[in-house]
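# Observations on the three-dimensional arrangement
Here's the letter readout for the chains.
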Amino acid sequence: MGMLVYVYKSPLGSYHSTCDGITHRHSELCVVDCRGNFEPNNNRPAVKLVDDRPMGTPYPKLVPVDEREKGTWLMFGGNYAGCSDTRFRDFCAENNGGPYGMLPVFDRIEHKPEGSKMNLCNICNKPMTPTFDDSGNVLLTGENNSWPIIATGVCCDRCEKDFVLPARMKDASRRASK
Ligand SMILES: [Zn+2]
């Protein structure tokens, strides 16, 4: 049994970046780890709260249970879900989600183009280009660890330079000043 929550999205309607995620197709979701009176079904898919703290600070979000279990890489698609039920507001607050009973839904799934040998950067979504030597052997894969911008992922050289390294520097100086 879980809590029924409603999907909140931009009133402009056409704006969404979910790549056909569940909040694009459904207006209700069932939060299975929150106490409530509902079961998930085809009209209200199962979601749960996770918080993997990509920047080291709390960042609770709702994710589709089936995709999370498959290990699918999930991103914020721009939509939120919540309700005014006290049990859900308490559930959010207990998990560092604030007092409002509203959470971002990470339901955007990036698909690698069919037949593509290139891996896509998890930050800018562009291919990470390998460097080859004269014999065609890979010198550099072009893939970098994207932590802390994305906790478990990879990014291109450009995003590493522009986002990942500055964020690590900031993180390091914040720790040093404690
Ligand atoms: Zn990138």
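As the structure is a prediction and not an experimental result, all values here were calculated from the model.

### A short note on the overall build of the chain
A count of helices and strands for the chain gives 4 helices and 12 strands. With the C-alpha coordinates aligned to their principal axes, the bounding extent of the chain is approximately 65 × 45 × 30 Å. The long-range fraction of contacts in the chain, counting pairs at least 24 apart against all pairs at least 6 apart in sequence, stands at 55%.

### A few points about the environment of P58
Mapped onto the fold, P58 is located in the loop between β3 (46-50) and β4 (61-64). Judged by the 11 C-beta atoms lying within 10 Å of it, P58 falls in the exposed class. Other than its neighbours up to four places away in sequence, P58 contacts D51, R53 and N96.

### A word on the pairing of strand β2 (residues 28-31)
In terms of strand pairing, strand β1 (residues 3-8) meets β2 through 4 bridges, oriented antiparallel. The residue bridging Y6 from the neighbouring strand is E28, located in β2. Where β2 and β3 come together, 2 bridges link them in parallel fashion. Bridge pairing links C30 to A46 in β3.

### Regarding the nonpolar core
Judged by nonpolar contacts, the single largest core of 20 residues is most densely connected at V5, L29, V31, V47, L62, A81 and F88. Listed by contribution, the elements that provide at least two residues to this core are β1, β2, β4 and α3 (86-94). Within the second largest apolar cluster, 10 residues are counted, among which are C121, I149, I150 and C155.

### Observations regarding the domain arrangement of the chain
Often, the extent of an interface is quoted as the loss of accessible area upon association of its parts. Segmenting the chain into domains produces domain 1 (3-109) and domain 2 (131-176). The centre of domain 1, based on its C-alpha atoms, is set 29 Å off from the matching centre of domain 2. Taken together, the contact between domain 1 and domain 2 spans 5 residues of the former and 6 residues of the latter. For the side of domain 1 that touches domain 2, a count of residues per class yields 3 nonpolar, 1 polar and 1 charged.

### What to know about the environment of M1
Residue position: M1 is located in the segment before β1. On the neighbour-count criterion, M1 (11 C-beta atoms within 10 Å) is exposed. Considered as a pair, M1 and D33 are 32 residues apart in the sequence and their alpha carbons are 8.2 Å apart. Other than its neighbours up to four places away in sequence, M1 contacts G36, N37, F38 and E39.

What counts, and where the lines are drawn
- Residues numbered from 1 in each chain as written.
- Predicted model: local features only at pLDDT ≥ 70, side-chain atom pairs only at ≥ 80, totals over all residues.
- Helix = DSSP H or I, 4+ residues; strand = E, 2+ residues; numbered from the N terminus.
- Contact = placed C-beta atoms within 7 Å.
- Buried ≥ 20, exposed ≤ 12 C-beta atoms within 10 Å, placed from the backbone.
- Pairing = 2+ DSSP bridges.
- Core = buried A, V, L, I, M, F, W, Y, C linked by C-beta atoms within 7 Å.
- Domains from an automatic or database assignment.
- Nonpolar A, V, L, I, M, F, W, Y, C, P; charged D, E, K, R; others polar.

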